[in-house]
Amino acid sequence: MKFNMKEFRAFVKDMHVETKELGLVSLGEVWSGTQEYFIQEVAKGLEEDIHYFVILKGRQVMISTVCLALDLYWAFKFDGTGGTLIADTEDNRDMFRTTLTLYAESLPNKWKKPIRSHNRTQMVIGNRSRIAYQVVGTKKKERRGVGVGKAIMMMHATECANWGDEDALADIEASLAESNPNRLFIWESTARGYNHFEEMWQSAKRARTQKAIFIGWWRNDLYRKKKGSPEHSIYWNGELTKEEARWVAEVKDLYGFEIDDEQIAWWRWKFEENIREEAKMFENYPPTEDYAFQMSGSKFFSAANLTDRRKIAASQPFDCFRFLFTDV
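The sections below set out a description of the structure shown in this document. Remember, it's a predicted structure, so these values are computed and weren't measured experimentally.

### What to know about the overall build of the chain
Within the chain, the regular secondary structure consists of 12 helices and 10 strands. In terms of overall dimensions, the chain is globule-like: its C-alpha atoms have a radius of gyration of 22 Å, near the 20 Å expected for 328 residues. Each principal axis of the C-alpha distribution contributes one length, and for the chain these read about 80 × 60 × 35 Å. A buried classification covers 49% of the 328 residues belonging to the chain. For the chain, long-range pairs separated by at least 24 residues make up 73% of all intrachain contacts whose partners lie at least 6 apart in sequence. Carbon and sulfur atoms make up 49% of the accessible area of the chain, which totals about 17,000 Å². The distance from the centre of the 47 positive side-chain charges to the centre of the 49 negative ones in the chain is 4 Å.

Below is the structure:
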């Protein structure tokens with residue numbers, strides 16, 4: 001499938017979005033490196049006939065924002081799209097619904113389509129496409145039959161690592177279209193330790209018909225403290241720590257990206273004045289995909305060392321034993 005990048009950029013250019021730093025602006029004004037990388041990788045996947053994407057991201061890298069724009073674009077472009085947006089909480093569901101409302105209202109006339117109805121359960125568009133809103137919940141008891149009884153051609157599942165019921169994944173998978181040429185399925189989340197999302201990520205890396213995409217914090221153009229700022233003067237001393245040098249080299253080797261001193265100043269500032277916990281810093285702002293999934297629970301060993309030791313242990317061969325009890 002050929003994804004029309006030029007058309008998509010034109011579609012989102014005038015969409016209004018609420019931003020943390022700039023307030024209400026058009027998406028074209030704040031189009032970021034993270035969003036450009038994401039959409040390029042999705043386009044590459046679609047050209048290779050891959051329609052299933054697992055996105056591992058850092059916090060506040062604006063991936064949910066561009067995914068919501070892609071949801072609307074897909075439903076508008078392909079008549080009769082059976083789509084669903086799956087959130088971890090009702091608050092996020094309502095926030096995403098508001099974002100889609102702003103997007104649809106701010107489109108220029110050449111892109112607009114009539115919205116037949118729009119409520120807490122679904123958006124129904126004049127071309128017979130619909131986007132159903134679903135909530136998984138962060139606890140198992142909150143599960144509400146997500147995915148059951150629905151035929152899904154387009155799906156956007158967000159913050160999957162927070163889902164309290166991993167069994168919901170199987171129900172959703174069973175509802176996804178398998179051969180529709182216009183199908184599109186996106187799972188996107190920050191990491192939350194070694195759970196079902198980590199397993200999904202590893203599976204996508206091995207799969208032939210899925211694509212794993214890592215969005216590092218360093219692709220966010222805003223995550224830097226510029227030379228001459230008080231933060232840069234305080235937090236950049238001219239050299240990297242041993243740990244920083246390690247992951248800066250890994251980022252260059254794995255992704256071909258060179259982290260500069262302004263980004264290091266931001267990293268140190270964010271850690272010292274906001275996060276203050278190593279495991280949480282790496283989990284929320286991972287330099288590489290391996291740093292995203294953190295071991296925790298000890299104040300005596302660093303999170304990086306614990307994570308490294310887990311990888312070593314997982315790579316070791318092991319013997320399995322089965323015990324049979326008899327009367328003899």
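Still to come is the rest of the account.
### Examining the sheet that holds strand 8 (residues 154-158)
By way of backbone hydrogen bonds, the strands of a sheet pair with one another, either parallel or antiparallel. Read from one edge of the open sheet, 8 strands run 5-6-7-4-8-9-3-10, paired in mixed fashion. Every other strand in the sheet has two partners, leaving strand 5 (115-118) and strand 10 (210-215) as the edge strands with one partner each. Each neighbouring strand pair of the sheet contributes to a mean axis angle of 10°, computed without reference to strand direction. Here 3 bridges tie strand 6 (residues 122-125) to strand 7 (residues 130-135), and the two strands are oriented antiparallel to one another. Residue pairing for strand 7: Gln122 is matched across the bridge by Ala132. Together, strand 3 (52-57), strand 9 (184-189) and strand 10 form the strand contacts of helix 2 (residues 33-47), whose direction differs from that of strand 10 by roughly 170°.

### Regarding a nonpolar patch on the surface
Judged by side-chain polarity, Phe321, Phe323 and Phe325 come together as a nonpolar surface patch covering roughly 520 Å² of accessible area. Tracing the chain through its elements places Phe325 in the segment after helix 12 (303-315). A residue is classified by how much of its surface remains accessible, and Phe325, at 81% relative accessible area, is exposed.

### Some remarks on the environment of Gln263
Tracing the chain through its elements places Gln263 in helix 9 (residues 261-275). When the C-alpha atoms of Gln263 and Lys226 are compared, they prove to be 8.3 Å apart, with 37 residues separating the residues in sequence. Not counting the four nearest positions on each side in its chain, Gln263 is found in contact with Trp217, Trp218, Tyr223, Arg224, Phe257 and Glu258. A polar side-chain atom of Gln263 sits 2.9 Å from the main-chain carbonyl oxygen of Trp218.

### A look at the packing of aromatic side chains
Across all of its chains, the model carries 26 aromatic pairs by this definition. Within the aromatic cluster, the residues linked to one another by ring pairs are Phe3, Phe8, Phe11, Trp31, Tyr73, Trp74, Phe76, Phe78 and Trp111. Positioned over the ring face of Tyr37 is Arg219, at 3.6 Å from the centre of the ring. Across the ring face of Trp269, the terminal group of Lys225 is positioned such that the distance to the ring centre comes to 3.9 Å.

Rules used throughout
Residues numbered from 1 in each chain as written. Predicted model: local features only at pLDDT ≥ 70, side-chain atom pairs only at ≥ 80, totals over all residues. Heavy atoms only, no water. Helix = DSSP H or I, 4+ residues; strand = E, 2+ residues; numbered from the N terminus. Rg over C-alpha atoms; globule rule 2.2 N^0.38 Å. Buried < 20%, exposed > 50% of the residue type's maximum accessible area, 1.4 Å probe, protein only. Contact = heavy atoms within 4.5 Å. Areas by Shrake-Rupley, 256 points an atom, 1.4 Å probe, with all protein chains shown as cover. Lys, Arg positive; Asp, Glu negative; His and termini not counted. Charge placed at Lys NZ, Arg CZ, Asp CG, Glu CD. Pairing = 2+ DSSP bridges. Axes fitted to C-alpha atoms, helices over the stretch in contact; angles between N-to-C directions. Patch = residues over 30% accessible without salt bridge, like charges linked within 9 Å, V, L, I, M, F, W, Y side chains within 5 Å. Salt bridge = Lys/Arg side-chain N within 4 Å of Asp/Glu carboxyl O. Polar contact = N/O pair within 3.5 Å; in protein donor to acceptor, adjacent residues only side chain to side chain. Phe/Tyr/Trp six-rings, centres within 6.5 Å; stacked < 30°, edge-to-face > 60°. Lys NZ or Arg CZ within 6 Å of the ring centre and 35° of its normal.

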